[in-house]
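Commentary on secondary and tertiary structure
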Amino acid sequence: MLVFVVIVVFFVAGVAIFMYTSPQFGGKPSAERLKEIKASPNFKDGVFQNQIETIMDMSLSKMPDLLREQFFGKQVRSPEKSHPVKWDEGNANQVDSLVYVTWFGHSAFLIEMEGKRILLDPMLGGASAPVSFLTKRFKYDLPIDLDDIKDIDAVIISHDHYDHLDYPTIDKIKGEVKHFYTALAVGEHLKRWGVPAENVTEMDWGQSIKLGDLEIVCTPSRHFSGRGFSDRNKTQWASWALLGKNRKVYFSGDSGYGPHFKTIGEQYGPFDFAFIECGQYNERWSAIHMFPEESVQANIDVNSKVMMPIHWGAFNLSLHDWRDPIQRARKAADEKGVKVVNPYIGERFEISQEDISEPWWE
């Protein structure tokens, strides 16, 4: 028994030291900054809150079924072959009324809009976890080359989960980024990783800021946050609206379905294009991730002309077949008359193009 206790103590101490000293777990706000964060109307009882009740059914009684499905489920959770990709060269000087998008898989994009180059949730690393052997990225025919990420006017980050905020990526590209925009308190991670404080702007739901002719609006989502054991919901999560002179684009971030989509559509729409999450869902956590059919309805709610299903195609973070999100989203969109595009990874396209729908996943 004594030997067992000693082993447990050393294990716990080792984990604590690892989490305290490893940079990937991010930073915490100073006492002064914490006072400003607590002033948010969306912060209550020591944590950030959703607009409606949001409960995940992850009780101990559910664990046996979850583990059984995890290890013995028959779903095809990872592709047998590497993904085909099309790494098209972007135009750093795009200044006309068009909007160009390049998808890196999952929820990571490069948007060229109003003469600006903007990265959304640039998780471009190999593993969406604090250690590299967990949740590895699916294989691509050609990998993402971080050396090609140049001349970035802004990075927008929806929340601090590992599949959206990646320490190795930020550490690699931070010298190429002029400014970072995040939900409240998420900027503390960036500051620990060497991003100057003057290059970080944190925003609460409903706040907006101008970037040239582009207005960036921080809007609500229905989710949660945290990178360790003790920081659950200590940082905010958000969706984002990009409002240009000629085009409007919406990015859902991660979100369960809720009335906020309709409110955002009424306040900032109609949108020309919307990135809507549709993957990594499960009945047990349906409050914080939408089923694809809900994703299509969310696109209708925000009043967007075109929907791009995201949050799939790069990682296995749930229990469904890896193709299910796009297949179900396209089926639901067809039934409701919603236009959907699904580009190749790496394919640069203009958001009004009609032919970005080849079923490459098949």
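I will try to describe carefully the structure that is included in this document. Just so it is clear, the model here is predicted, and its values are computed rather than measured.

Let us look at the overall build of the chain. For the chain, the count of helices and strands is eight helices and 16 strands. Taking contacts inside the chain between residues at least 6 apart in sequence as the whole, the part at least 24 apart equals 69%. Put simply, the chain shows about 16500 Å² of open surface, and 54% of that area lies on carbon and sulfur atoms.

Taken as a whole, the second largest pocket spans an internal volume of roughly 520 Å³. Along the walls of the second largest pocket sit 22 residues, with Phe25, Gly27, Lys28, Ser230 and Asp231 positioned nearest its centre. Going through the elements one at a time, α1 (2-21), α2 (31-38) and α5 (187-192) are the ones with two or more residues in the lining of the second largest pocket. Residue composition of the lining of the second largest pocket, grouped by class: nine nonpolar, eight polar and five charged.

Now for the packing of aromatic side chains. Under the defined criterion, the tally for this structure stands at 17 aromatic pairs. Where Phe109 meets Phe251, the ring centres are 6.4 Å apart and the plane angle is 75°; that geometry is what we call edge-to-face. Of the two residues, Phe109 sits in strand β4 (residues 109-113) while Phe251 sits in strand β12 (residues 248-251), which places them 142 residues apart along the sequence. Residue Phe109 shares its accessibility class with Phe251, and that shared class is buried. Taking NZ or CZ as reference, Arg227 lies 4.0 Å from the ring centre of Tyr162, over its face. Seen from the ring of Tyr100, Arg348 lies directly overhead, with NZ or CZ sitting 4.0 Å from the centre.

Inspection of every chain in the model, using the stated rule, returns three cavities of 30 Å³ or more. If you go around the largest cavity, the residues you meet are Arg77, Phe138, Gln280, Trp312, Gly313, Phe315, Asn316, Leu317, Ser318, His320, Trp322 and Pro325. Looking at side-chain class alone, the lining of the largest cavity contains six nonpolar, five polar and one charged residues. Contributing to the lining of the second largest cavity are Asn50, Gln51, Ile52, Ser221, Arg222, Gly258, Pro259 and His260. Tallied by class, the residues present in the lining of the second largest cavity amount to two nonpolar, five polar and one charged.

Before going further, it helps to examine unusual backbone geometry. Here Gly269 and Pro270 are connected by a cis peptide whose omega angle stands at -5°. Residue position: Pro270 is located in the loop between α6 (260-268) and β13 (273-277). With phi around 50°, Glu114 is a residue other than glycine that occupies positive phi space. Take Glu114: it is sitting in the loop between β4 and β5 (116-120). Of note, Asn233 is a non-glycine position whose phi angle comes to about 65°, a positive value. Mapped onto the elements of the fold, Asn233 is located in the loop between β10 (214-219) and β11 (239-243). Residue Asn233 is classed as buried on the basis of its relative accessible area, which comes to 16%.

Right, let's talk about the side chain of Ser239 for a bit. Within the secondary structure layout, Ser239 lies in strand β11. Residue classification places Ser239 among the buried residues on the basis of a relative accessible area of 0%. Side-chain polar atoms of Ser239 contact the backbone oxygen of Pro220, separated by 2.6 Å. Non-local contacts of Ser239, meaning those with residues more than four positions away in its chain, are made with Val217, Cys218, Thr219, Pro220, Ser221, Tyr250, Phe251, Ser252, Gly253 and Ile264.

Tallying each qualifying case throughout the model produces 13 salt bridges. Put simply, Asp213 and Lys245 hold a salt bridge, and the shortest N to O gap is 3.5 Å. In this pair, Asp213 sits in the loop between β9 (208-211) and β10 while Lys245 sits in the loop between β11 and β12, placing the two residues 32 residues apart along the sequence. Note on Lys245: relative accessible area 58%, which makes it exposed. Through salt bridges that share partners, Arg33, Glu36, Glu188, Lys191 and Glu202 make up one connected network.

This part covers the sheet that holds strand β7 (residues 180-183). A sheet is described by the order of its strands in space; here seven strands give the open sequence β8-β7-β6-β5-β4-β3-β16, paired in mixed fashion. Lying at the two open borders of the sheet, with one neighbouring strand each, are β8 (200-203) and β16 (348-350). Strand-to-strand twist of the sheet, defined as the mean angle between neighbouring strand axes without regard to direction, takes the value 20°.

Here the focus is the packing of helix α7 (residues 292-301) against helix α8 (residues 324-336). It is the contact of α7 with α8, at a shortest axis distance of 8 Å, that shows an interaxial angle of 50°. The orientation of α7 relative to α8 falls into the category oblique. In this structure, α7 meets α8 at a crossing whose hand is right-handed. From α7, Pro292, Glu293, Val296, Gln297 and Ile300 reach across to α8, where they touch Pro325, Arg328, Ala329, Ala332, Ala333 and Lys336.

Cut-offs applied
Residues numbered from 1 in each chain as written. Predicted model: local features only at pLDDT ≥ 70, side-chain atom pairs only at ≥ 80, totals over all residues. Heavy atoms only, no water. Helix = DSSP H or I, 4+ residues; strand = E, 2+ residues; numbered from the N terminus. Contact = heavy atoms within 4.5 Å. Areas by Shrake-Rupley, 256 points an atom, 1.4 Å probe, with all protein chains shown as cover. 1 Å grid on protein atoms, 1.4 Å probe; cavity = no way out; pocket = protein on both sides within 12 Å on 5 of 7 lines; lining within 4 Å. Points joined across faces, edges and corners; volume = space filled by probe spheres on them. Nonpolar A, V, L, I, M, F, W, Y, C, P; charged D, E, K, R; others polar. Phe/Tyr/Trp six-rings, centres within 6.5 Å; stacked < 30°, edge-to-face > 60°. Buried < 20%, exposed > 50% of the residue type's maximum accessible area, 1.4 Å probe, protein only. Lys NZ or Arg CZ within 6 Å of the ring centre and 35° of its normal. Polar contact = N/O pair within 3.5 Å; in protein donor to acceptor, adjacent residues only side chain to side chain. Salt bridge = Lys/Arg side-chain N within 4 Å of Asp/Glu carboxyl O. Pairing = 2+ DSSP bridges. Axes fitted to C-alpha atoms, helices over the stretch in contact; angles between N-to-C directions. Parallel < 35°, antiparallel > 145°, perpendicular 65-115°, else oblique. Left-handed = near helix turned anticlockwise from the far one by under 90°.

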